[in-house]
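Survey of secondary and tertiary structure
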Amino acid sequence: MSVDEGPTLRRRRLGAELKRCREAAGLTQENVSRHFEWHAAKVTRIETARVAVTPRDVKDLLTLYGVGDQDYREALVELARLSRERTWWTDYRDIMRPGNFVGLEAAAASMRAWEPIIVPGLLQTEAYMRALIRTGRSNESPQQTDRRVSLRLTRQVRLRGERPLELTAIIDESVVRRIVGGDEVMNEQLRHLIEVAQLPNVMLQILPFSAGEHTFLGGSAALLEFRETTHLDVVYLEGLAGDYYEEQPAEVVRYRQEFERLSARALDHRMTIKMIESLLVA
C-alpha cells in the first residue's frame, strides 16, 4: 500500500489550480459550464475534487482560461492523468462512505480526530470491529463483513512504516467505559489502546465527563492536514444527517483552534493510560 500523496490529493491540488486559473480569467463556474455545454454542476465538482477530470478537459479549460505557459499546462495535464490512477481502496468503493475520506486519510500527513461514541477506526482491534459491524449491519453476509474488516485493517497500516500518519485521537470517556463485544473483546481493545498509544506518532487523550460541554458535542470530527499543501487541509464531520467536508481555509483554522482547546481540556498521556488501565478486567 503506497503512502505517497495519492490520486485523491492530486485531484484536490488540480481542482485548486483550475479554480485559481478560472478566477484569474474573470470567469464564473456558470460561464465555463455554458461555454462547454456541460451540466451546471460539473465545474464545481471538478474544482472541489468530487470527480476526476480528464486530461482533455484540463487542456480545454486551460485554453479557455488563456493559460499559455506550456510547462504549467503540461504539469496540470499530467496531474489529471495521475489523479485517475487506481488505488488500493478502489476495490472497496462499494462499502465506503461518500466523499472518499479513506483517500484523504491515506494522503494526509497528520490527522486530529474526535470520537464521542466508539474507538476510532484506526485504533480498533479486529474483534471490536466485528462486534460493531454485527450490531450495525446485522443483515450483511459474512463476506461483506470480512471486506469491511479488511478495509479498516488496511487503513491502520498508515500508523506504522516509513511515513506514518501523525495521529492525535481525543476520545470521550464513555468510549472506554462502553462494553463492546463483551468483557473479553473490550479488555483486548483497551490493552490495544495502551499499546498503540506508545507509538511516537500517536497521541491518545481521553476527555473526562468532568470536562462538561464543548464544541464537538454534535458528533465525530476529523481534521486532515497535508504537509506541503496546507491550503488543502480539510475538516470531516460525521453525523446522523450525513457527512460533511469543510474546506474553507478560515473554517479549517477555526476547527484547528477548537481541537487545540479540546486537547487542552483532555487528560494527558499519563492520565489517559492510567484511566484505561483502571478499566481492565483482571
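Just so it is clear, the model here is predicted, and its values are computed rather than measured.

Conventions and cut-offs
Residues numbered from 1 in each chain as written. Predicted model: local features only at pLDDT ≥ 70, side-chain atom pairs only at ≥ 80, totals over all residues. Heavy atoms only, no water. Phe/Tyr/Trp six-rings, centres within 6.5 Å; stacked < 30°, edge-to-face > 60°. Buried < 20%, exposed > 50% of the residue type's maximum accessible area, 1.4 Å probe, protein only. Lys NZ or Arg CZ within 6 Å of the ring centre and 35° of its normal. Domains from an automatic or database assignment. Contact = heavy atoms within 4.5 Å. Buried area = accessible area lost by both parts, 1.4 Å probe. Core = buried A, V, L, I, M, F, W, Y, C linked by side-chain atoms within 4.5 Å. Helix = DSSP H or I, 4+ residues; strand = E, 2+ residues; numbered from the N terminus. Pairing = 2+ DSSP bridges. Salt bridge = Lys/Arg side-chain N within 4 Å of Asp/Glu carboxyl O.

**A look at the packing of aromatic side chains**
With the rule as written, the count across this model stands at 7 aromatic pairs. Here the aromatic rings of W88 and Y92 are separated by 6.4 Å at their centres, their planes lie at 70°, and the arrangement is edge-to-face. Classification of Y92 as buried rests on a relative accessible area of 14%. Ring-pair connections join several aromatic residues into one group, and the members of that group are W88, W89 and Y92. Sitting above the plane of the W38 ring, K42 keeps its charged end 4.0 Å from the centroid.

**Some points on the domain arrangement of the chain**
Partitioning the chain into domains gives domain 1 (5-83) and domain 2 (91-279). Relative to domain 2, the C-alpha centre of domain 1 lies at a distance of 33 Å. Contacts between the two partners involve 8 residues from domain 1 and, on the opposite side, 11 residues from domain 2. Counting the surface lost from both domain 1 and domain 2, the interface buries some 850 Å², and carbon and sulfur atoms represent 53% of this.

**Looking at the nonpolar core**
Counting 42 residues, the largest nonpolar core has L123 and L224 as its most contacted members. Per-element tally for this core: the top contributor is helix α10 (residues 183-196), with 6 residues. If sequence neighbours within four positions are ignored, L123 has contacts with Q156, L159, L167, A169, Q189, H192, L193, V196 and L204. Membership of the second largest hydrophobic core comes to 18 residues, among which are F36, I46, V67 and L79.

**Description of the pairing of strand β4 (residues 220-225)**
Put simply, side chains in a regular strand alternate between the two faces of the sheet. With 6 of 6 residues buried, β4 lies mostly within the body of the structure. A two-sided burial pattern is seen for β4, the buried positions comprising S220, A222 and L224 on one face and A221, L223 and E225 on the other. Pairing of β4 with strand β5 (residues 234-239), which is carried by 5 bridges, proceeds in the antiparallel orientation. Looking at the pairing, A221 lines up with L237 of β5.

**Some points on the pattern of salt bridges**
Overall, the coordinates contain 23 salt bridges when judged by the stated rule. One salt bridge in this structure joins E47 and R22, with 2.6 Å as the shortest N-O distance. Taken together, the positions of E47 in helix α3 (residues 42-47) and R22 in helix α1 (residues 6-24) put the pair 25 residues apart, joining distant regions of the chain. In this structure, E47 and R22 share a single accessibility class: buried. Put simply, R177 and E173 hold a salt bridge, and the shortest N to O gap is 2.7 Å. You can see R177 and its partner E173 sitting in helix α9 (residues 173-177), 4 residues apart, about one turn around the helix. Take E173: its relative accessible area is 8%, and that puts it in the buried class. Put simply, R112, E225, D233, R256 and E260 are held in one network by salt bridges that share partners.

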